Amino acid sequence: MGRKEVLAERRALEEYYYNCKLQTPEETAKQFEVYTRLIWEFHQAGLCYDYYCDHTVTHLEGVGTWVGGKDALEVETLPTFSLYPSKKCNFKEIYAEGSPETGYHFGQITSNSGVVSRGGASARGLGDGTVFHEDGAYCLCECYVEKVEGRWCITREFVINGEDAIRRRTKNLRPFAKSLLEFYDGLEETEGNTDKEAQQ
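Residues numbered from 1 in each chain as written. Predicted model: local features only at pLDDT ≥ 70, side-chain atom pairs only at ≥ 80, totals over all residues. Heavy atoms only, no water.

**Brief notes about the overall build of the protein chain**
As a reminder of what qualifies: Under the scheme used here, helices are H or I runs from DSSP no shorter than 4 residues and strands are E runs no shorter than 2 residues, and both carry numbers assigned from the N terminus. Buried residues are those whose accessible area, probed at 1.4 Å on protein chains only, stays under 20% of the maximum for their type, while exposed residues exceed 50% and partly exposed ones sit between those limits. Residue exposure ignores everything except the shown protein chains as possible cover, and the areas themselves are Shrake-Rupley values with a 1.4 Å probe.
When you go through the protein chain residue by residue, the secondary structure sums to six helices and nine strands. The burial tally for the protein chain puts 41% of its 200 residues in the buried class. Surface summary for the protein chain: the accessible area is close to 11,100 Å², and the carbon and sulfur share equals 52%.

**Structural notes on the pairing of strand β9 (residues 151-161)**
This is how the line gets drawn: The rule for pairing is simple: two strands pair if DSSP sees at least two bridges between them.
Inspection of the sheet shows strand β1 (residues 52-60) paired to β9 by five bridges, in the parallel sense. Opposite tyrosine 52, over in β9, you have isoleucine 154 as the bridge partner. In this structure, strand β8 (residues 139-148) lies alongside β9, joined through ten bridges in antiparallel fashion. Counterpart to lysine 147 in the pairing with β9 is tryptophan 152. The hairpin turn running from β8 into β9, its antiparallel successor, is two residues long, and glutamate 149 in that turn takes a positive phi close to 50 degrees.

**Regarding the pattern of salt bridges**
Condition: Throughout this description, the term salt bridge denotes a Lys or Arg side-chain nitrogen within 4 Å of a carboxyl oxygen of Asp or Glu.
Throughout the structure, instances matching the rule amount to six salt bridges. Between glutamate 9 and arginine 37 there is a salt bridge; the shortest N-O distance is 2.4 Å. Within this pair, whereas glutamate 9 is found in helix α1 (residues 3-19), its partner arginine 37 is found in helix α2 (residues 25-40), the two being separated by 28 residues in sequence. Among the residues examined, glutamate 9 registers a relative accessible area of 24% and is labelled partly exposed. A salt bridge links lysine 92 to aspartate 135; the shortest N-O distance between them is 3.0 Å. Taken as a pair, lysine 92 in strand β3 (residues 88-99) and aspartate 135 in the loop between β7 (131-132) and β8 lie far apart in primary sequence, 43 residues in all. For lysine 92, a relative accessible area of 38% translates into the label partly exposed.

**Examining the state of the cysteines**
Just so we agree on the cut-off: Here, the term disulfide refers to a pair of cysteine sulfur atoms separated by no more than 2.5 Å.
For the structure shown, the criterion picks out zero disulfides. Left unpaired, cysteine 53 is separated from the closest cysteine sulfur, that of cysteine 153, by 4.1 Å. Among the residues examined, cysteine 53 registers a relative accessible area of 5% and is labelled buried.

**Considerations on the confidence of the model for the protein chain**
Rule in force here: In predicted models, pLDDT denotes the confidence assigned by the predictor to each residue on a 0 to 100 scale. Whether two residues touch is decided by their heavy atoms; if any such pair falls within 4.5 Å, the residues are in contact.
For the protein chain, per-residue confidence averages 80 on the pLDDT scale, and 74% of positions sit at 70 or higher. Confidence, read as mean pLDDT per element, is least for helix α6 (residues 177-199) in the protein chain (47) and greatest for α2 (96). Counting contacts from residues 172-184, a segment whose pLDDT is below 50, to residues more than four positions away or on other chains yields 29 contacts. The low-confidence segment residues 186-194, where pLDDT is below 50, has one contact with residues more than four positions distant or belonging to other chains.

**Comments concerning the packing of aromatic side chains**
For clarity, the cut-off: Centre distance within 6.5 Å is the pairing criterion for rings of Phe, Tyr and Trp, where only the six-membered ring of Trp is used; planes under 30 degrees apart are then read as stacked, over 60 as edge-to-face, and the remainder as tilted.
Within the structure shown, the criterion is met by ten aromatic pairs. Seen in terms of ring centroids, tryptophan 40 and phenylalanine 81 are 6.2 Å apart; in terms of plane orientation they differ by 80 degrees. Their pairing is edge-to-face. Here tryptophan 40, found in helix α2, pairs with phenylalanine 81, found in helix α4 (residues 70-83); they are 41 residues apart in sequence, far enough to count as distant. For the residue pair tryptophan 40 and phenylalanine 81, the accessibility class agrees, reading buried in each case.

As structure tokens, this is what we get:
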């Protein structure tokens, strides 16, 4: 695909993304498919700030659970771009239910494909040019989308990768995960102690 085709595809995705109102489950499913592709295929990591918030609880297989959403997700996302610059998210299925009044709940199944960039940086060294094929492994993601302080946010997210090899590879791309988890664990403990003191 040439530069003009890539730009045209990105613009079409952005046109839908910035005009979607999340008025139906079908719109919501399409919006988060577009959202995923813009982040991972077009490297728009800053979009994490659109739907994640300080209250987002993320459960990531092989890494753990943290509260803090947007900042953590951006730091988690950025290191992967160096190693997988041509990564493509192949959507197998995405399904949403809910309403503007009650919020939405959606699940998606994706399979990534592309090439591990030769010389691309990861937590354990440089990439070796390995090709990863569609349907080699699957990623399952489930999210709850609710209004937080007047705007739509992902409040809970669950992510499971399909194979041990993929889990190991994903873990290797997350050099900041341990420090992030320690930070948020400490933050939750501090907030808990503050609440106890306020009740005394």
